[in-house]
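A structural walkthrough
Letter by letter, the chains look like this.
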Amino acid sequence: MDVPLRVLFIIAGLTGIHSIRVSEVSVEAGGSISIPCLYLPQYTNHVKYLCKGYHWSSCTYEVKTDQKNSTKFSISDNKLLNIFTVTVNELTIGDLDYWCAVEINRRADVKNYFHLSVTTGTRSLYVANQQTPAFQGGDVTIDCYHRNPGEMSWCRMGGSCVTTSGSMDGTWVTINTSVPNVFSVTMRGLRTESSGWYLCVSGKLQFPVHLTVTDQPTTKTPNEVDLSSVSAGATPTTVQEGPNRNASFGLMQTLIISSVLIFAFMAALFFWFMLTRHKQNKSASSAKNEAEEEVTYCVVKPTRNLSSQAAEEVTYSVVKPTRKPLRQVVAEDENVTYSTLALR
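Description of the structure in this document. (Residues numbered from 1 in each chain as written. Predicted model: local features only at pLDDT ≥ 70, side-chain atom pairs only at ≥ 80, totals over all residues. Heavy atoms only, no water.)

1. Re the state of the cysteines
Inspection of the entire model under this criterion finds four disulfides. What pairs with Cys-37 in a disulfide is Cys-100, and their sulfur atoms sit 1.7 Å apart. Taken together, the positions of Cys-37 in strand E2 (residues 33–38) and Cys-100 in strand E7 (residues 97–102) put the pair 63 residues apart, joining distant regions of the chain. You can call Cys-100 buried: its relative accessible area is 4%. Two residues share a disulfide in this structure: Cys-144 and Cys-200, whose sulfurs sit 1.6 Å from each other. Of the two residues, Cys-144 sits in strand E11 (residues 140–146) while Cys-200 sits in strand E17 (residues 196–202), which places them 56 residues apart along the sequence. In this structure Cys-144 comes out as buried when scored by relative accessible area, which is 0%. Here Cys-200 falls in the buried class, since its relative accessible area comes to 0%. What connects to what in the protein chain, once the bonded cysteines are numbered by sequence position, is 1-4, 2-3, 5-8, 6-7. (Disulfide = S-S within 2.5 Å. Helix = DSSP H or I, 4+ residues; strand = E, 2+ residues; numbered from the N terminus. Buried < 20%, exposed > 50% of the residue type's maximum accessible area, 1.4 Å probe, protein only.)

See the structure below:
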């Protein structure tokens, strides 16, 4: 087999249907960049690696999937999507030429070259955030900033490209170029299958963007019952937002109510005690007054001088009336009978 045909087969084996791949990226000195590298499904369990150097024959290994990552280089392999990603940190002017490669036993390794255009000024093509999150069923807008006046396109790695507006893997894509030097891409009706690597393309430059689509979080009120988790005959479970905060609030509310009830009970008990004591004091005072008012005082005035003997024969007695609950009778002067005792 002649050399040109062999080279053609190697390229076809690497790219296959994955005709959209990274070849040149404009990066900023001191920053970092992640480059996605595609491979065919038959290479899923093979070792992937990053090789540095312009010439393949003389490039040096920097990081491999069967080795630990370093501070400068890292690599990860997504075997479900058949994409491995290499990241270069702390970019310098010397970080120019690299190869994504897959080890092939007993044959030449499959490889793909890409160039990093490192600049200290404004990049020719870039996106503010290389990692973009989004929610299923929602929309996302990605702005590609560029300096080239040529045609722009939005491509999915291993898929198709859109230059104006159209459908891409079941997602509607709208392109807006009304702002100078900004290629704005809006994707609507996102699905979880929309997750993956995309490329802003301007001429020979590409800038990779990774889109991650997740389920929309549901917001529930503290007292809302999750009906999907309640089975027949089971007690509904209250789904609360912020369990620690709500538990503390419930405990505080219970303590406040308990304190108010205890205070009310103590106040009622004290009021009852004071009322009972007042009634007892009032009854005792009334009885004492009635006893004093029932005592009869008599004054005995002799009409003549008594002899000492007669005086000795006088008997003094004290009358103590029996306490009876009699009502007080006020006597007028015409009803009072005065008596005089004459001693013989």
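Having seen the structure, we can now continue with the description.
2. A short note on the sheet that holds strand E9 (residues 125–127)
Overall, antiparallel pairing links the five strands, which are arranged E9-E11-E16-E15-E14 in an open sheet. With one partner strand each, in any of the chains shown, E9 and strand E14 (165–168) form the two edges of the open sheet. Taking each pair of neighbouring strands and ignoring which way they run, the sheet shows an average axis angle of 25 degrees. Summarising the sheet, E14 and strand E15 (residues 171–176) pair through four bridges and their orientation is antiparallel. (Pairing = 2+ DSSP bridges. Axes fitted to C-alpha atoms, helices over the stretch in contact; angles between N-to-C directions.)

3. Details of the packing of aromatic side chains
Taken as a whole and judged by the stated rule, the model has 10 aromatic pairs. The interplanar angle of 85 degrees and the centroid separation of 6.1 Å between the aromatic rings of Tyr-54 and Tyr-113 together place this pair among those described as edge-to-face. With Tyr-54 in the loop between strand E3 (48–52) and strand E4 (60–64) and Tyr-113 in strand E8 (residues 110–119), this pair connects stretches of sequence that are 59 residues apart. Residues Trp-154 and Tyr-198 carry aromatic rings whose centres are separated by 5.3 Å and whose planes lie at 10 degrees to one another, so their mutual orientation is stacked. Taken as a pair, Trp-154 in strand E12 (residues 152–156) and Tyr-198 in strand E17 lie far apart in primary sequence, 44 residues in all. (Phe/Tyr/Trp six-rings, centres within 6.5 Å; stacked < 30°, edge-to-face > 60°.)

4. Looking at the sheet that holds E2
Ordered by their spatial adjacency, three strands build an open sheet running E2-E6-E5, and the pairing between neighbours is antiparallel. In this open sheet, the two edge strands, each paired with only one partner strand, are E2 and strand E5 (73–78). Adjacent strand axes in the sheet meet at a mean angle of 20 degrees when their direction is disregarded. By the bridge criterion, six bridges tie E2 to strand E6 (residues 83–88) in an arrangement that is antiparallel. The partner of Ile-35 across the bridge, within E6, is Val-86.

5. Some remarks on the nonpolar core
Counting 56 residues, the largest nonpolar core has Ile-33, Ile-35, Val-86, Phe-114, Leu-116, Trp-154 and Met-187 as the members making the most contacts within it. Beyond its immediate stretch of four places on either side in the chain, Met-187 contacts Gly-138, Asp-139, Val-140, Trp-154, Thr-171, Trp-172, Val-173, Tyr-198 and Leu-211. (Core = buried A, V, L, I, M, F, W, Y, C linked by side-chain atoms within 4.5 Å. Contact = heavy atoms within 4.5 Å.)

As far as function goes, none of this settles anything; it's purely spatial.
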